[in-house]
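Chain by chain, the residues:
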Amino acid sequence: MTSDAALGRAGERADPVVTVVIPLHDRGRYIAETLRSVLAQSFVRFEVIVVDDASADDGPDVVRGFLGDPRVTLVLRSHGGVGAARNAGAALAAPSSRFLAFMDDDDLCEPDLISSLVTALEAHSDASGAFARAEFIDGDGGPVHDGAFRDQMIAREELGLADGAVSGPYRGIDQVFLATPVVPMGTLLMRRSAFDAAGGYDPTFVVGQDWDFTIRLARRGPLVVVDRALVRYRRHVGNASANRRRDVRTARRVWATAYHSPENTAEDRAVLARVWRSHQRRTSVRKVAQGRALIRERRLVEGIARIADGLAHRALRRPLRSWRRPVPGSVGHDDSRTIAIERGLVASGR
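Being a predicted model, the structure only gives us computed values, none of them experimental.

K.L.:
Please provide a residue-by-residue account of the pattern of salt bridges, values included.
P.N.:
On inspection of all chains with the given rule, the structure shows 22 salt bridges. Between D61 and R64 there is a salt bridge whose closest N-O contact spans 2.6 Å. Of this pair, D61 and R64 both sit in helix α3 (residues 59-64), three residues apart, which is roughly one turn of the helix. A relative accessible area of 31% means that R64 is categorised as partly exposed. Through salt bridges with shared partners, a single ionic network connects R133, R150, E157, R171 and D227.

Here it is as structure tokens:
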């Protein structure tokens, strides 16, 4: 039996087995470059669904310039946020599509991204998804801090490991709970069945919906890592995660939602409890040491406050259930709707 990866490289544009969803909002400056990088994939059995989330700029018109390619579909929706847009795109995937990817509207990918991730998933039938590494680029597409983002991704995984443990090819719930390594979302390819089982993205997260979703996806099966930089992650002032205070509250919400989820198995609960306690102990030790250093510098008030903060971490046995409340500024719920669907020149049969 010929694999999807082999068929995808064969040059025959048969029914798609991969759907790439791109939520678009006011990124007319970047979307053409993003689309060109996706359409240049060596894997050919894929489609691209761009879901415009009520853009106020020329983004939809830029996408219309690509509708001469039968693989491209443009969906116009009222404003609902990126999570709702991703879910809407997934719902329109071709019946033949077995894998889903969600590319951001300002990021770029290497030509072998899809092929590499499909191959990884086919080699690990128990995995729910596979993800690659990313590297930073600036607003003009130039490299920024070469190698730094890959190091960040690895550090996020290692937060959940026991001391001295070494990662294999899999990343389970323990390595995506404290800080997701799957950033940006375009690094991840998932089985469509796993996406459906996980319930899609929660539109009540203004940011962090990718992290919340990754945890739920990892419950369905581990993630396989492809340790190559295959996505270029654009870093600029317009990134959604630029609000530090909101990010802290979002992290707490993700932790509490995952930790107290009724979907956790007994094994999940034990893993999350171990990871949480280990993290709190490490944080406590670090902050107490910082406080003592401040006291030695005669910064008494700051030092005592830092030590008290560190001791509070050690006492926090689990995330507070109250942290699960939506963060102010979130969309709140998915009340958006599809206004129009514009397809490429050759209809896909959907």
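Now that the structure has been shown, the text picks up again.
K.L.:
Now, about the pairing of strand β8 (residues 188-191): what can you tell me, with residues and values included?
P.N.:
On β8, burial covers both faces: L188 and M190 on one face and L189 and R191 on the other are all buried. Both strand β4 (residues 99-102) and β8 contribute to a ladder of three bridges, which runs antiparallel. For A101, the partnering residue across the bridge sits in β8 and is L189. Across three bridges, strand β6 (residues 129-137) lies against β8 in antiparallel orientation. By the bridge assignment for β8, F131 is matched with L188.

K.L.:
Residues and numbers for the nonpolar core, please.
P.N.:
V18, V20 and F177 are the most contacted members of the largest nonpolar core, which has 88 residues in total. Element by element, the count of residues in this core is highest for strand β9 (residues 223-234), at seven residues. V20 has contacts with V38, F46, E47, V48, I49, A101, M103 and I114, leaving out every residue within four places of it along the chain.

K.L.:
Hey, could you go over the confidence of the model for the chain for me, with residue numbers and the actual values?
P.N.:
Residues of the chain with pLDDT of at least 70 account for 90%, and the chain-wide mean is 90. Note that residues 346-350 has pLDDT below 50 and, in this model, ten contacts with residues that lie over four places away or in other chains.

K.L.:
Can you lay out the environment of G160 for me, pointing to particular residues and giving the numbers?
P.N.:
Tracing the backbone through its elements, the reader meets G160 in the loop between α6 (148-158) and β7 (170-171). The class for G160 is buried, based on a relative accessible area of 2%. The spacing of G160 and H279 is 119 residues in sequence and 8.0 Å in space, taken between C-alpha atoms. With residues up to four places along the chain from it excluded, the contact list for G160 reads D174, R274 and V275.

K.L.:
Describe the environment of R318, listing the residues and the values that go with them.
P.N.:
Turning to its location among the elements, R318 is positioned in the loop between α11 (300-315) and β10 (338-343). Classification of R318 by relative accessible area gives partly exposed; the value is 46%. Residue contacts for R318: discarding those within four places in its chain leaves Y259, H260 and W276.

About the criteria used
- Residues numbered from 1 in each chain as written.
- Predicted model: local features only at pLDDT ≥ 70, side-chain atom pairs only at ≥ 80, totals over all residues.
- Heavy atoms only, no water.
- Salt bridge = Lys/Arg side-chain N within 4 Å of Asp/Glu carboxyl O.
- Helix = DSSP H or I, 4+ residues; strand = E, 2+ residues; numbered from the N terminus.
- Buried < 20%, exposed > 50% of the residue type's maximum accessible area, 1.4 Å probe, protein only.
- Pairing = 2+ DSSP bridges.
- Core = buried A, V, L, I, M, F, W, Y, C linked by side-chain atoms within 4.5 Å.
- Contact = heavy atoms within 4.5 Å.
- pLDDT = per-residue confidence, 0-100.

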